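Take a look at the letters that make up each chain.
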Amino acid sequence: MRKLIYIVGGSLLYAAVNLMTEHLSFAGVQVVRPGIVVPLICGVFFGPVVGFLVGFLGSTGSDLPTFGFYWNWSLSNGLVGLVAGSTPFLITRLRARFRNQWPTIGAALVTGTLAIVLGAGLAALTDILIADLTPDTAISAEWIPLASWNLVWGLPLLVIVLSIWALARRRVAG
């Protein structure tokens, strides 16, 4: 029941942030979504299944009323949450050696980076078949700009949220 609440809450938050930032744009990027941090955080905190479903459902929820449903883009956002969900495995390994939050944040940054690059790659490369893009166009117009901007937004926000979480846990415990 608890995981269902995380999935519903995370999906609604992801969709809401996407819709609120829908009109943001920067050179070379059609859509800028700082909300990418939501499936990253949900994956890190609640595991790969919750991260995947938050990414998939949140993306679908925000895309349906704006761009329409593109299964490959929803799947790629789900992949972001799924890969970020491997962070707890790395954290378990690191926690035995270190007592502070920086190894945890480092592990989240590594898996978050991998998640964003793989998710953007999945969306772009499947658009070769779905949107009839050439491989060069898919890579240069979708994969690289999307991954770059998601890294620019997602990773700093991930560090901020994880740092605040660690600080809050210390204050409650101490």
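This text follows the structure it describes.
Residues numbered from 1 in each chain as written. Predicted model: local features only at pLDDT ≥ 70, side-chain atom pairs only at ≥ 80, totals over all residues. Heavy atoms only, no water.

Student: Explain the overall build of the protein to me, and be specific about the residues and the numbers.
Tutor: The number of helices and strands found in the protein is seven helices and zero strands. In the protein, the order of α-helices and β-strands from amino to carboxyl end is α-α-α-α-α-α-α. Here the protein holds 174 residues, and the buried ones make up 41% of them. In the protein, the proportion of contacts linking residues at least 24 apart, taken out of those at least 6 apart, comes to 71%. Entry remark: accessible area of the protein is about 9,400 Å², with carbon and sulfur atoms responsible for 72%. (Helix = DSSP H or I, 4+ residues; strand = E, 2+ residues; numbered from the N terminus. Buried < 20%, exposed > 50% of the residue type's maximum accessible area, 1.4 Å probe, protein only. Contact = heavy atoms within 4.5 Å. Areas by Shrake-Rupley, 256 points an atom, 1.4 Å probe, with all protein chains shown as cover.)

Student: So what's going on with helix H7 (residues 135–173)? Which residues, and what values?
Tutor: One full turn of an α-helix is made of 3.6 residues, so residues set three or four places apart face in the same direction. The largest bend along H7 reaches roughly 30 degrees and is located at Trp143, with the proline Pro145 sitting one to four residues downstream. Within H7 the residues assigned to the buried category are Ala138, Glu142, Pro145, Leu146, Ala147, Asn150, Gly154, Leu155, Leu158, Leu162 and Ala166. Buried residues belonging to H7 abut helix H2 (37–46), helix H4 (71–84) and helix H6 (102–130). (Bend = angle between axes of the 7 residues up to and from the residue.)

Student: Please give an account of a nonpolar patch on the surface that cites residues and values.
Tutor: Side chains of Met1, Leu4, Ile5, Val8 and Leu12 sit close together on the surface and give an oily, nonpolar patch of about 560 Å² of accessible area. Secondary-structure assignment places Ile5 in helix H1 (residues 2–20). (Patch = residues over 30% accessible without salt bridge, like charges linked within 9 Å, V, L, I, M, F, W, Y side chains within 5 Å. Salt bridge = Lys/Arg side-chain N within 4 Å of Asp/Glu carboxyl O.)

Student: Describe the packing of H2 against H4, and please don't skip the residues or the numbers.
Tutor: At a minimum axis separation of 7 Å, H2 and H4 run at an interaxial angle of 35 degrees. As for how H2 packs across H4, the hand of that crossing is right-handed. Contact residues: H2 offers Pro39, Leu40, Gly43 and Val44, while H4 offers Asn77, Val80, Gly81 and Ala84. Considered class by class, the residues forming the contact of H2 with H4 number five nonpolar, three polar and no charged. (Axes fitted to C-alpha atoms, helices over the stretch in contact; angles between N-to-C directions. Left-handed = near helix turned anticlockwise from the far one by under 90°. Nonpolar A, V, L, I, M, F, W, Y, C, P; charged D, E, K, R; others polar.)

Student: Quick one: what's the story with the packing of aromatic side chains, residue by residue and with numbers?
Tutor: One pass over the structure, following the stated rule, counts four aromatic pairs. Aromatic side chains Phe45 and Trp165 sit 5.1 Å apart centroid to centroid with 50 degrees between the ring planes, which places their arrangement in the tilted category. With Phe45 in helix H2 and Trp165 in helix H7, the pair connects residues that are 120 residues apart, well separated along the chain. Through a chain of ring-to-ring contacts, the aromatic side chains of Tyr6, Phe45, Phe46 and Trp165 assemble into a single cluster. (Phe/Tyr/Trp six-rings, centres within 6.5 Å; stacked < 30°, edge-to-face > 60°.)

Student: So, unusual backbone geometry: which residues are in play, and what are the values?
Tutor: Here Asp132, not a glycine, exhibits a phi torsion of approximately 55 degrees, which is positive. Topologically, Asp132 is positioned in the loop between H6 and H7. The exposure class of Asp132 is exposed, given its relative accessible area of 67%.

Student: Hey, could you go over the environment of Leu114 for me, with residue numbers and the actual values?
Tutor: Turning to its location among the elements, Leu114 is positioned in helix H6. Measuring from C-alpha to C-alpha, the distance between Leu114 and Val80 comes to 8.3 Å, with 34 residues separating the pair along the chain.

Student: Describe in detail the packing of H4 against H6, supporting the description with residues and values.
Tutor: Here H4 crosses H6 at 160 degrees, and the two axes come no closer than 8 Å. Between H4 and H6, the crossing angle belongs to the class labelled roughly antiparallel. Remark: the crossing between H4 and H6 carries right-handed chirality. Contacts between H4 and H6 involve Trp71, Asn72, Trp73, Leu75, Ser76, Leu79, Val80, Val83 and Ala84 on the former and, on the latter, Thr111, Leu114, Ala115, Ile116, Leu118, Gly119, Leu122, Ala123, Thr126, Asp127 and Ile130. (Parallel < 35°, antiparallel > 145°, perpendicular 65-115°, else oblique.)

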